[in-house]
Amino acid sequence: MKLAVNKKKRTEIKMNGEVTKEEKRWFGTLLSYAKGSGGKLGISVIFSMVSLIAGLVPYYFVYMMLDRYIAGNLDKPFVLNSGLAALLAYLLKVVCFGISTGISHYVAFNVLEGLRLKVADTFLKAPLGEVYSHSIGEIKNVIIDKIEDIEPPLAHVVPEGAGHILLPIVCFVALALIDIRVALAALAAFPVGLIFMMLTYKLSGKNMEKYQKANAGMSSMIVEYVEGIEVIKAFGKTGTSYEKFAKSICDYRNFVIEWMKSTWVTMKLAFAFMPATLLGVIPVSILLVNNGSMTVSEMALSVMLAMSMVISMAKIEVFSNGLRQMQYTVLEVKKFLDIKSLPEPESEKIPSEFSVEMKDVHFTYDESQGEVLHGIDLNIPEGSFTALVGPSGGGKSTVAKLIARFWDVSSGSIKIGGIDIKDMKVES
């Protein structure tokens, strides 16, 4: 039999800059692992919106009491009724937020469970050679850490983010009803902040893929180092192994510091200008009050609404980054989910005896590297002892692994007891 040198090619997880249709549907892909509970996330979003809008109601009653006080007709029953209505609105805000958060966490943990089970199932059905091409640290990082990172954005960013997008719109409409000039003044600093935010995303976007790889590499090296300490000490490789371990951490630290240095100016300016609604509202409101176009109570209400927009617009900046991070994580996990499984027969054939026959077996790990085995013919009778002898890298292990169906042969056949191993289930 003729054997060629075995040169395996590791499978790498890559995220290129091109946005495919599949990447655009990443959120739908994520919810498909929610075990049927994905639709509840919409209910969570609705409760989040109701919660935030209910939080504006007390401002209206404060405005009404202030207006009556200035007019000199504020009475005790009105104060009590307005206070009670404001309290009920606040309680509605708290209850709706609790319901929203509870539902979103329920969906998020279902997604985490579904993803972890799917990744594990994918590895069980994948060619073991494909599984071996990924380090223990890499696999652990994906199943434990990467998937866990999806929970905070999914449970908080999605429902709360939707509410914080709606709230500034409602506040703007309310300000426009008071005076359109105040509403426009609330957005005076927004375009400047938006420009700085876009610059930040442009700068950080180039480094997001590098960050993911640096983080994955560091996590993988930490796991492998900790789990291999006994072997490292036994063979006196402490210095070499620790040097690799320390280098991965230092490389990650240096990369993150350089990344932050390149974006901190634009990021801080974006955070300063985006929610700066009071920069325009306060001076414009004072001018309108001075010329008699607005009452003091209306000015107070305008300031309160503008302050509500500050919180939401600041949250939107943070949440948008969380969504972006979640997208990268989902697409990275999906690379594992897309590992091709070994095909299994619909109806299994069970061999009655266990002789092994290889007939004209050809095999390649990678088409670009050429064949590893060239037309192997081998018969191993049941109950016999067979030794494969040859130099290191000659293909001995490849033959043994193909019999165990770590991979499928490129051509030819392998039979056990006269049954092609492709006609037997992987579990068997």
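Quick notes on the rules
- Residues numbered from 1 in each chain as written.
- Predicted model: local features only at pLDDT ≥ 70, side-chain atom pairs only at ≥ 80, totals over all residues.
- Heavy atoms only, no water.
- Helix = DSSP H or I, 4+ residues; strand = E, 2+ residues; numbered from the N terminus.
- Buried < 20%, exposed > 50% of the residue type's maximum accessible area, 1.4 Å probe, protein only.
- Contact = heavy atoms within 4.5 Å.
- Areas by Shrake-Rupley, 256 points an atom, 1.4 Å probe, with all protein chains shown as cover.
- Pairing = 2+ DSSP bridges.
- Axes fitted to C-alpha atoms, helices over the stretch in contact; angles between N-to-C directions.
- Core = buried A, V, L, I, M, F, W, Y, C linked by side-chain atoms within 4.5 Å.
- Salt bridge = Lys/Arg side-chain N within 4 Å of Asp/Glu carboxyl O.
- Phe/Tyr/Trp six-rings, centres within 6.5 Å; stacked < 30°, edge-to-face > 60°.
- Lys NZ or Arg CZ within 6 Å of the ring centre and 35° of its normal.
- Parallel < 35°, antiparallel > 145°, perpendicular 65-115°, else oblique.
- Left-handed = near helix turned anticlockwise from the far one by under 90°.
- Polar contact = N/O pair within 3.5 Å; in protein donor to acceptor, adjacent residues only side chain to side chain.
- Patch = residues over 30% accessible without salt bridge, like charges linked within 9 Å, V, L, I, M, F, W, Y side chains within 5 Å.
- Nonpolar A, V, L, I, M, F, W, Y, C, P; charged D, E, K, R; others polar.
- Expected span 1.5 Å × (residues − 1).
- pLDDT = per-residue confidence, 0-100.

### Considering the overall build of the protein
Phase 1: Looking only at helices and strands, one finds 15 helices and four strands in the protein.
Phase 2: By residue count, 41% of the 428 residues in the protein fall in the buried class.
Phase 3: When contacts within the protein are restricted to residue pairs at least 6 apart in sequence, those whose partners lie at least 24 apart make up 82%.
Phase 4: Summing over all exposed atoms, the protein offers an accessible surface of approximately 23,500 Å²; the carbon and sulfur share of this is 64%.

### Quick notes on the sheet that holds strand E4 (residues 419–420)
Phase 1: As summarised here, the arrangement of the four strands in space is E2-E1-E3-E4, forming an open sheet in which the pairing is antiparallel. Either end of the sheet is taken by a strand with one partner, and the two such strands are strand E2 (373–380) and E4.
Phase 2: As defined by bridge partners, strand E3 (residues 411–416) adjoins E4 across two bridges and the pair is classed as antiparallel. Bridge pairing in E4 places Ile 416 opposite Ile 419.
Phase 3: Here helix H15 (residues 396–403) sits on the sheet in contact with strand E1 (356–363), E2 and E3, set at roughly 115 degrees to E1.

### Regarding the nonpolar core
Phase 1: Grouped together as the largest cluster of nonpolar side chains are 29 residues, with contacts concentrated most on Leu 30, Leu 115, Ile 150 and Leu 154.
Phase 2: For this core, the secondary structure elements donating two or more residues are helix H3 (40–54), helix H5 (76–125), helix H7 (136–148), helix H8 (151–178) and helix H14 (296–337).
Phase 3: In terms of residue count, H5 provides more of this core than any other element does, eight residues in total.
Phase 4: Aside from chain neighbours lying at most four places away, what touches Leu 154 is Phe 27, Leu 30, Leu 31, Leu 41, Ser 104, Ala 108, Val 111, Pro 159 and Met 326.

### Points about the side chain of Ser 308
Phase 1: Here Ser 308 is to be found in helix H14.
Phase 2: Overall, Ser 308 belongs to the buried group, its relative accessible area being 7%.
Phase 3: Every residue in contact with Ser 308, bar those within four places of it in the chain, is listed here: Leu 56, Tyr 59, Leu 167 and Cys 171.

### Some thoughts on the pattern of salt bridges
Two side chains of opposite charge can pair, provided their charged atoms sit close to one another.
Phase 1: Following the criterion strictly, the structure yields seven salt bridges and no others.
Phase 2: The shortest N-O distance in the salt bridge between Lys 247 and Asp 251 comes to 2.8 Å. On the criterion of helical spacing, the pair formed by Lys 247 and Asp 251 is a turn pair, its members being four residues apart in helix H12 (residues 238–273).

### What to know about the packing of aromatic side chains
Phase 1: Here the structure, examined in full by the defined rule, presents five aromatic pairs.
Phase 2: Pairwise contacts between aromatic rings join Tyr 60, Phe 61 and Tyr 63 into one cluster.
Phase 3: Here Arg 68 stacks its cationic end above the ring of Phe 78, 4.0 Å away from the centre of that ring.

### Description of the packing of H5 against H7
Phase 1: Two numbers describe how H5 lies on H7: the axes approach to 10 Å, and their chain directions differ by 165 degrees. Classified by the angle their axes make, H5 and H7 are roughly antiparallel. As H5 packs across H7, the resulting crossing turns out to be right-handed. Where H5 abuts H7, its residues Leu 112, Leu 115, Arg 116, Val 119 and Phe 123 lie against Ile 139, Ile 143, Ile 144, Ile 147 and Glu 148.

### Brief notes about the side chain of His 105
Phase 1: Within the secondary structure, His 105 sits in helix H5.
Phase 2: Engagement of the side chain of His 105 in a polar contact is seen with the side chain of Glu 151, the distance being 3.4 Å.
Phase 3: Beyond its immediate sequence surroundings of up to four residues, His 105 is in contact with Glu 151, Ala 155 and His 156.

### Describing a nonpolar patch on the surface
Phase 1: A contiguous nonpolar patch, built from Leu 84, Leu 87, Leu 88, Tyr 90, Leu 91 and Val 94 and spanning about 580 Å² of accessible area, is present on the exposed surface.
Phase 2: Its location among the elements puts Val 94 in helix H5.
Phase 3: Residue Val 94 is classed as partly exposed on the basis of its relative accessible area of 44%.

### Some details on the packing of H3 against H5
Phase 1: Their axes nearest at 8 Å, the elements H3 and H5 cross at an angle of 160 degrees. As judged from the angle between their axes, H3 and H5 are roughly antiparallel. Between H3 and H5 lies a crossing whose hand is left-handed. Facing H3, whose interface residues are Lys 40, Leu 41, Ile 43, Ser 44, Phe 47, Ser 48, Val 50, Ser 51, Leu 52 and Ala 54, H5 presents Ala 89, Leu 92, Lys 93, Cys 96, Phe 97, Ile 99, Ser 100, Ile 103, Ser 104, Tyr 106 and Val 107.
Phase 2: Of the residues in the contact of H3 with H5, the class split is 14 nonpolar, five polar and two charged.

### What to know about H3
Phase 1: Between its first and last C-alpha, H3 extends 21 Å over 15 residues, near the 21 Å set by a 1.5 Å rise per residue.
Phase 2: For H3, the full list of buried residues reads Leu 41, Ser 44, Val 45, Ser 48, Ser 51, Leu 52 and Ala 54.

### Quick notes on the confidence of the model for the protein
Phase 1: Considering every residue of the protein, the mean pLDDT works out to 81; 89% of them sit at 70 or more.
Phase 2: Confidence over residues 1–19 falls short of pLDDT 50; this stretch has 54 contacts with residues more than four positions distant or in other chains.

### A look at the pairing of E3
Phase 1: As defined by bridge partners, E1 adjoins E3 across five bridges and the pair is classed as antiparallel. Bridging from a neighbouring strand, Glu 357 pairs with Lys 415 of E3.
Phase 2: Count of turn residues in the E3/E4 antiparallel hairpin: two residues, of which Gly 417 carries a positive phi of about 60 degrees.

### A short note on the environment of Ser 100
Phase 1: Tracing the sequence through the fold places Ser 100 in helix H5.
Phase 2: Remark: the alpha-carbon pair of Ser 100 and Pro 159, spanning 59 residues in sequence, is separated by 7.2 Å.
Phase 3: Beyond its immediate sequence surroundings of up to four residues, Ser 100 is in contact with Ser 44, Phe 47, Ser 48 and Pro 159.

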